[in-house]
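Remarks on the overall topology
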Amino acid sequence: MAAAPLLSIRGLTKQFDKLEVLKGVDLALAPREVVSIIGSSGSGKTTLLRCVNLLEEFQGGEIVLDGEAIGYRTVGGKRRRLGDRELSRQRAMTGMVFQSFNLFPHLSALGNVMLGLRKVRRLGRDEARAIAETWLDRVGLATRGDHYPSQLSGGQQQRVAIARALAMNPKLVLLDEVTSALDPELVQEVLNTVKSIADDGATLLIVTHEMRFARDVSSRVVFMEQGQIAEDGPPAEIFGAPRNPRLAEFLRNTRT
Amino acid sequence: MAYSLHFGAVWASFDKLLEGLALGLGLAVAAVAIGTVLGLVAAFASVGPSRVARAFVSAYVSLFRNLPLLVLVLLVYFALPATGIMLDKYQSFVGALALYSGAYLTEIFRAGLISVPVGLREAARSIGLTRLQTNLSVVAPVMLRNALPSLGNTFIGMFKDSSIAAAIAVPELTFEARKINVDTFRVIETWMVASGLYIVACAIIAALLRRLERRFPKF
Amino acid sequence: MELFDSFLQQLWIAREALWHGFMLTVGISVASIVFGTLLGCVVALQLTYAPLLLRLPFRIYVDLMRGTPVLVLILASFYIPAVIGLSLSATEAGILALSLFAGAHIGELGRGALQAIPPGQIEAGRSIGLTFPKLLAYVLVPQALRAALPPWINTGVELIKGSSLLSIIGVGELLLKTQEIIGRNFMTIEFYVFAGVLYLIVNIALDQFGKSVERRMSAR
């Protein structure tokens, strides 16, 4: 990689109680790269994502985002988790879109997108509204700004969630199985939205089951197995000529 | 035994009864308003990181849900002055009822907090909101709306409990009714009207509540 | 510690009065819970299973009781019997009021518990030939008991708290006795706190008892 990586994960380990979920993960993303993570459930892919946006703690290794080590600092030889305000600042540098949307039910679509702009970026109401409207338009929901989540379809809700994440102008966007909870006919609209964002040059880290989509949109695909990255390469290689036998088996089982 | 119903004496003082009713409502509103603030603080503390705070809240709830309200009122009105805090009848009663309702509301809000989906909190954190901002802007609004029915029912309960203010001669509905009873000996009529007023008031409040719940349904 | 010593002294002097008051509180609460539960069971069954015409009077009774403050019930029970030819002592009037109150609440919570049982249970019971009384006894009530226990204990706690209101009509239960003692020795805070502590102990003990029964029920 010629340019400095935007995201650099080195030797990441994580345990839930006694269970080792991530057993040393190394991954680097350059700016504007779109990387998809595939693997069976329990392989640790969602956990990896959640470590990057600091929703989970990790015991070993480090994550460096745009040159800044996130989550922890070493004070006098001891590793300490950062405080709430520091963590919040760092979290604002990544955006996350969840499988279950997690839209704020008491706010309209516009309100959902504006909340971060007003409370975190501390923008004025008019400026925040203008930015929010731009992003809702970007995901094709310009006319739905005043609708509440309960009045939107699943696909529309997920697109609002994408707008909400992007409006914060994050350096990296994390997408955690964003279509898994959608009815089949609504999946495509969301995939299209993600693709168009990728085309605009966003840096994306995507966990997905949608193999066709992963092949289409990614510049790189990573296969995770039992808490480690087992194979990492361009889509043509991963899907066309997998080297790792377990990857081959996985692809056979998830024939698309 | 010939007891014929004569409502005249009661109607003559009907305005006093209505004033008493309004006073009772006012006492309840004031108490529940304070109690809501108490309950919110305590509920958040009870799911927060501080073990001391959690224990304190647990003790507060235990204490004020198991003490008879009358004992609490008497304590505040008669015993507190000895420590230098002088409260009049109204302040004493509102204070006691506020502490009392706060304990019930703490439990309601705590259950509400636990039932707010984790994902909402995570989404708020993901866009960079601090813990405090998350609680204020996302968790509390969602929780309060979900807790609306319980909050309303608690208010109705506290309104009925405002009758206990009669014990320290606050001129609310029950106090006035008892006066009329003693003055006119129209025993059955007085209590029919008094309880009728309470029942109608509670029914109206409940109906208003249901309307409110329909406008702001649970998430 | 001087203040504490003189409190202990006064406590000792007042021990009989307090004991009588405490016992009366317990007695009133127990009587009310017993009557209230008997009444409540009838109400619950009627509200859940009876036809509309039979349900109505019980519905009215419950709604009346639930919309009225306990104190109003107590005062009404105190003043009304005399004019309709009944002679009730203050204590009897108090127990009447509390029982009627409890009956309505227990009726409602019983109804809730019975209605929460999946209708499939009734169908299953019927299809093995159970008559309704047997269905009730062997299928419905055992299941309803589990759900009804916590609110029932709650009602018990409310009754104990409600018994303190009987002091207003001159019943010599714990609170009235406490007030009489304070009238003599002016140790206001000490004795109100003492009374409060007694109520707390009784109610918390009742709560704990309820929880342990609940635990044993869930274990099965």
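Quick caveat: nothing in here was measured; it's all calculated off a predicted structure.

Conventions used here
- Residues numbered from 1 in each chain as written.
- Chains lettered and ligands numbered in written order.
- Predicted model: local features only at pLDDT ≥ 70, side-chain atom pairs only at ≥ 80, totals over all residues.
- Pairing = 2+ DSSP bridges.
- Helix = DSSP H or I, 4+ residues; strand = E, 2+ residues; numbered from the N terminus.
- Axes fitted to C-alpha atoms, helices over the stretch in contact; angles between N-to-C directions.
- Contact = placed C-beta atoms within 7 Å.
- Nonpolar A, V, L, I, M, F, W, Y, C, P; charged D, E, K, R; others polar.
- Buried ≥ 20, exposed ≤ 12 C-beta atoms within 10 Å, placed from the backbone.
- pLDDT = per-residue confidence, 0-100.
- Parallel < 35°, antiparallel > 145°, perpendicular 65-115°, else oblique.
- Left-handed = near helix turned anticlockwise from the far one by under 90°.

**Some thoughts on the sheet that holds strand E12 (residues 228-233) of chain A**
To summarise the sheet geometry, strands pair through backbone hydrogen bonds and adopt either a parallel or an antiparallel arrangement. All names here are of chain A. Strands sit in the order E8-E9-E10-E3-E11-E12 across an open sheet of six strands; the sheet is mixed. Each of the sheet's edge strands pairs with one partner strand only, and the pair in question is strand E8 (94-97) and E12. Across this sheet, the average inter-strand angle for adjacent strands is 20 degrees, counted without regard to direction. Two strands pair when backbone bridges link them, and strand E3 (residues 34-38) and strand E11 (residues 220-225) are joined in this way by four bridges, in the parallel orientation. Its bridge partner lying in E11, Ser36 is registered against Val221.

**Here we look at the interface of chain C and chain B**
Across the boundary between the two partners, chain C contributes 28 residues, which contact 33 residues of chain B. Elements represented by at least two residues in the side of chain C that touches chain B include exactly helix H3 (52-67), helix H4 (70-83), helix H7 (132-163) and helix H9 (188-219) of chain C. A total of nine residues in the side of chain C that touches chain B trace back to one element, the largest contributor, which is H9(C). The residue inventory of the side of chain C that touches chain B, partitioned by class, reads 20 nonpolar, seven polar and one charged.

**Examining the environment of Val160(A)**
Residue and element names in this part refer to chain A. Considering the arrangement of structural elements, one finds Val160 in helix H5 (residues 154-167). Given 27 C-beta atoms within 10 Å, Val160 falls into the buried group. Sequence-wise, Val160 and Trp135 are 25 residues apart; in three dimensions their C-alpha atoms are separated by 8.7 Å. Discounting residues that sit within four places of it in the chain, Val160 has contacts with Leu103, Ala109, Asn112, Val113, Leu141 and Leu152.

**Quick word on the confidence of the model for chain C**
Taken as a whole, chain C shows an average pLDDT of 92; of its residues, 99% reach a score of 70 or greater. The ipTM assigned to the predicted complex is 0.91, against a pTM of 0.84.

**Looking at the interface of chain B and chain A**
The partner chain A presents 22 residues to the 18 residues of chain B that form the contact. Counting only elements with at least two residues in the side of chain B that touches chain A, the list comes to helix H6 (118-126) and helix H7 (131-146) of chain B. Of all the elements, H7(B) adds the most residues to the side of chain B that touches chain A, at seven residues. The residue makeup of the side of chain B that touches chain A, split by class, is eight nonpolar, six polar and four charged.

**Let's talk about the pairing of strand E1 (residues 7-16) of chain A**
All names here are of chain A. With eight bridges connecting them, E1 and strand E2 (residues 19-29) associate as antiparallel partners. Opposite Ile9, over in E2, you have Leu27 as the bridge partner. Taken together, E1 and the strand that follows it, E2, pair antiparallel across an intervening segment of two residues, in which Asp17 is found at a positive phi of about 50 degrees. Taken together, the five bridges between E1 and strand E4 (residues 60-65) define a ladder with antiparallel strand orientation. Residue pairing for E4: Ile9 is matched across the bridge by Ile63.

**Digging into the sheet that holds E2(A)**
Residues and elements named next belong to chain A. Pairing in this open sheet of four strands is antiparallel, and the strands run E2-E1-E4-E5 from one edge to the other. Because the sheet does not close on itself, it has two edges, and the strands there are E2 and strand E5 (68-69). In this fold helix H1 (residues 45-52) packs onto E1, E2 and E4, with an angle of close to 65 degrees to the strand it touches most, E2.

**Observations concerning the packing of helix H2 (residues 14-46) of chain B against helix H8 (residues 148-161) of chain B**
All names here are of chain B. Relative to each other, H2 and H8 sit at 130 degrees, their axes nearing to 8 Å. With respect to their mutual orientation, H2 and H8 come out oblique. The chirality of how H2 crosses H8 is right-handed. For the pair H2 and H8, contact is made by Gly24, Leu25, Ala28, Ala31 and Val32 and by Thr154, Phe155, Met158 and Phe159, respectively.

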